[in-house]
Each structure stands twice: as structure tokens, then as C-alpha cells.
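Chain residues, written in single-letter form:
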Amino acid sequence: CVDHDVRGKVAVLVDDMIDTAGTITNAAKVLRAEGARAVYACASHAVFSPPAIERLSSGVFEEVIMTNTIPVLPENVFPELTILSVANILGETIWRVHNSTSVQDLRK
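Residues numbered from 1 in each chain as written. Predicted model: local features only at pLDDT ≥ 70, side-chain atom pairs only at ≥ 80, totals over all residues. Heavy atoms only, no water.

### With respect to the overall build of the protein
When helices and strands are counted, the protein shows 3 helices and 4 strands. Secondary structure elements in the protein, listed N-terminal to C-terminal, are β-α-β-α-β-β-α. By the compact-globule yardstick of 13 Å for 108 residues, the protein is too spread out, its C-alpha radius of gyration being 17 Å. Dimensions of the protein along its principal axes, counting C-alpha atoms only, are 50 × 35 × 20 Å. (Helix = DSSP H or I, 4+ residues; strand = E, 2+ residues; numbered from the N terminus. Rg over C-alpha atoms; globule rule 2.2 N^0.38 Å.)

As C-alpha cells, this is what we get:
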């Protein structure tokens, strides 16, 4: 059950990782059933164990946004998937640590 009215709204589901995609897909199905006009999934780590790809590409998500902290195999790429690179933030963090400057400032 959804606590708030999601009819006609865009829902964004955020998690640390997606493994089999069961939990996030079930949440998306509930949001769609409650009237959300679009559901987006965002997570840092794309573990993508079976049957994740089938679930994520089933049409319940408008877009699935992941980072490349774990390489996504070519056979696990699907039309709704967007992969964002973490290269710049990792490089900047390493540079700041090496130069004894604030890593905290990256959050601003």
C-alpha cells in the first residue's frame, strides 16, 4: 500500500544496488497500480543476477539509471538502461586525498 497519492505523478525509486530486481520491480508495480504515470529506478551498483534483466526491461520502468561501479556485460544492456560513469568523482577524490584537500567539498 502506498501512503501518499501517486496518481499522475512521477515516482523515483532509489537503492544502493540492484541484484535480482525483485524488490524494486515489485515496488514499481505497486506504484503503477496506484496510478503513477512513470517510475524510474536509480541505484549505484548493477549486480544484475538473473532474472534482473527480464524484470527491469519488462516495461514497468521508464528508465533504469545505474553507475558503472560494477561493469555491465553487453548482454545485460537493455533499452531502458542508462549507465553513468563514476570516473570523474573517483579521480577528483583521489586527487584531493593525495593533495590533502577537502573531500567533503565534493558534496556541495
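### Examining the sheet that holds strand E2 (residues 38–46)
Reading across the sheet, the 4 strands line up as E1-E2-E3-E4 and stay open at both edges, with parallel pairing between neighbours. The open sheet has two edge strands with one neighbour each: strand E1 (10–18) and strand E4 (81–84). Recorded for the sheet is a direction-independent mean angle of 20° between the axes of neighbouring strands. The sheet contact formed by E2 and strand E3 (residues 63–67) spans 4 bridges and is parallel. Paired with Tyr40 across the two strands is Glu63, which belongs to E3. Running at roughly 170° to E1, helix H1 (residues 22–33) makes contact with E1 and E2 of the sheet. (Pairing = 2+ DSSP bridges. Axes fitted to C-alpha atoms, helices over the stretch in contact; angles between N-to-C directions. Contact = heavy atoms within 4.5 Å.)

### Comments concerning the pattern of salt bridges
A side chain of one charge can pair with a side chain of the opposite charge if their charged atoms are brought near each other. Taken as a whole, this structure holds 2 salt bridges when the rule is applied. Across the pair Arg7 and Asp5 runs a salt bridge whose closest N-O atoms are separated by 2.8 Å. With a relative accessible area of 58%, Arg7 lands in the exposed category. A salt bridge links Glu92 to Arg96, with the shortest nitrogen-to-oxygen separation between them at 2.8 Å. In this pair, Glu92 and Arg96 both sit in helix H3 (residues 87–98), 4 residues apart, roughly one turn of the helix. Here Arg96 falls in the buried class, since its relative accessible area comes to 17%. (Salt bridge = Lys/Arg side-chain N within 4 Å of Asp/Glu carboxyl O. Buried < 20%, exposed > 50% of the residue type's maximum accessible area, 1.4 Å probe, protein only.)

### Description of unusual backbone geometry
With an omega of 5°, the peptide bond running from Pro50 to Pro51 counts as cis. When you line up the elements, Pro51 lands in the loop between E2 and helix H2 (52–56). Despite not being glycine, Phe48 shows a phi value in the positive range, around 55°. Within the element layout of this structure, Phe48 appears in the loop between E2 and H2. Positive phi outside glycine occurs at Ser100, with the angle close to 55°. Position of Ser100 relative to the elements: it lies in the segment after H3. Assessed through its relative accessible area of 68%, Ser100 is described here as exposed.

### So, the nonpolar core
One finds Ile18, Phe48, Leu56, Phe61 and Val64 to be the most contacted residues of the largest nonpolar core, which totals 24 residues. Contributing elements (two or more residues each) for this core: E1, H1, E2, H2 and E3. Counting residues per element, this core draws most heavily on E2, at 4 residues. Here Phe61 is in contact with Leu13, Ile24, Thr25, Ala28, Arg32, Val39, Tyr40, Ala41, Leu56 and Glu80, once residues within four sequence places are set aside. (Core = buried A, V, L, I, M, F, W, Y, C linked by side-chain atoms within 4.5 Å.)

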